[in-house]
Amino acid sequence: MGQRLVAAVHVRHPKTNDWLILQPGDEPDEDLAEVITNPGAWEPDEEDGGDADPPASNPGPDSASNLHPEPQPEVEVEQTKPARARTRKQAGE
């Protein structure tokens, strides 16, 4: 029995190159399961106490760790006064 999905997954079929939408509860064939790299898409395994591993070991750009990236530190920008424009009186002197 294959692994079940807990979330809807959009995936390109590796052989036909067609886009497919797999629904929660689906048990995709092995060729499809290999391209679903997000571990959060799978139900936990009952045998090993709930630690679900993705069928493929290659985490892609859609992995769960990329959903909430670390905030970047703020960069301080030095504020400077704009240069004063010369007035007509100053220019004529």
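Since the structure is predicted, the reported quantities are computational estimates derived from the model, not experimental observations. (Residues numbered from 1 in each chain as written. Predicted model: local features only at pLDDT ≥ 70, side-chain atom pairs only at ≥ 80, totals over all residues. Heavy atoms only, no water.)

Considering the nonpolar core
If you look at the biggest cluster of nonpolar residues, it comprises nine residues: Leu5, Val9, Val11, Leu22, Leu32, Ala33, Ile36, Ala41 and Trp42. Those elements that provide at least two residues to this core are strand E1 (9-12) and helix H1 (30-33). (Core = buried A, V, L, I, M, F, W, Y, C linked by side-chain atoms within 4.5 Å. Buried < 20%, exposed > 50% of the residue type's maximum accessible area, 1.4 Å probe, protein only. Helix = DSSP H or I, 4+ residues; strand = E, 2+ residues; numbered from the N terminus.)

Digging into the confidence of the model for the protein
Residues of the protein with pLDDT of at least 70 account for 47%, and the chain-wide mean is 74. Averaged pLDDT values over the elements of the protein bottom out at 60 in helix H2 (residues 88-92) and peak at 94 in strand E2 (residues 19-22). (pLDDT = per-residue confidence, 0-100.)

Some points on the pairing of E2
Every other side chain in a regular strand lies on the same face of the sheet, so the side chains alternate between the two faces. Alignment of E1 against E2, held across four bridges, turns out to be antiparallel. Bridging across to E2, His10 finds its partner in Ile21. Following E1, the chain reverses through six residues before pairing antiparallel with E2; Asn17 in that reversal takes a positive phi of roughly 65°. (Pairing = 2+ DSSP bridges.)

Brief notes about the side chain of Asn38
Assignment of secondary structure puts Asn38 in the loop between H1 and H2. Looking at Asn38, the relative accessible area reads 16%, which means it is buried.

Notes on unusual backbone geometry
Although it is not a glycine, Asn17 sits at a positive phi angle of roughly 65°. Mapped onto the secondary structure, Asn17 falls in the loop between E1 and E2. We classify Asn17 as partly exposed; its relative accessible area is 47%.

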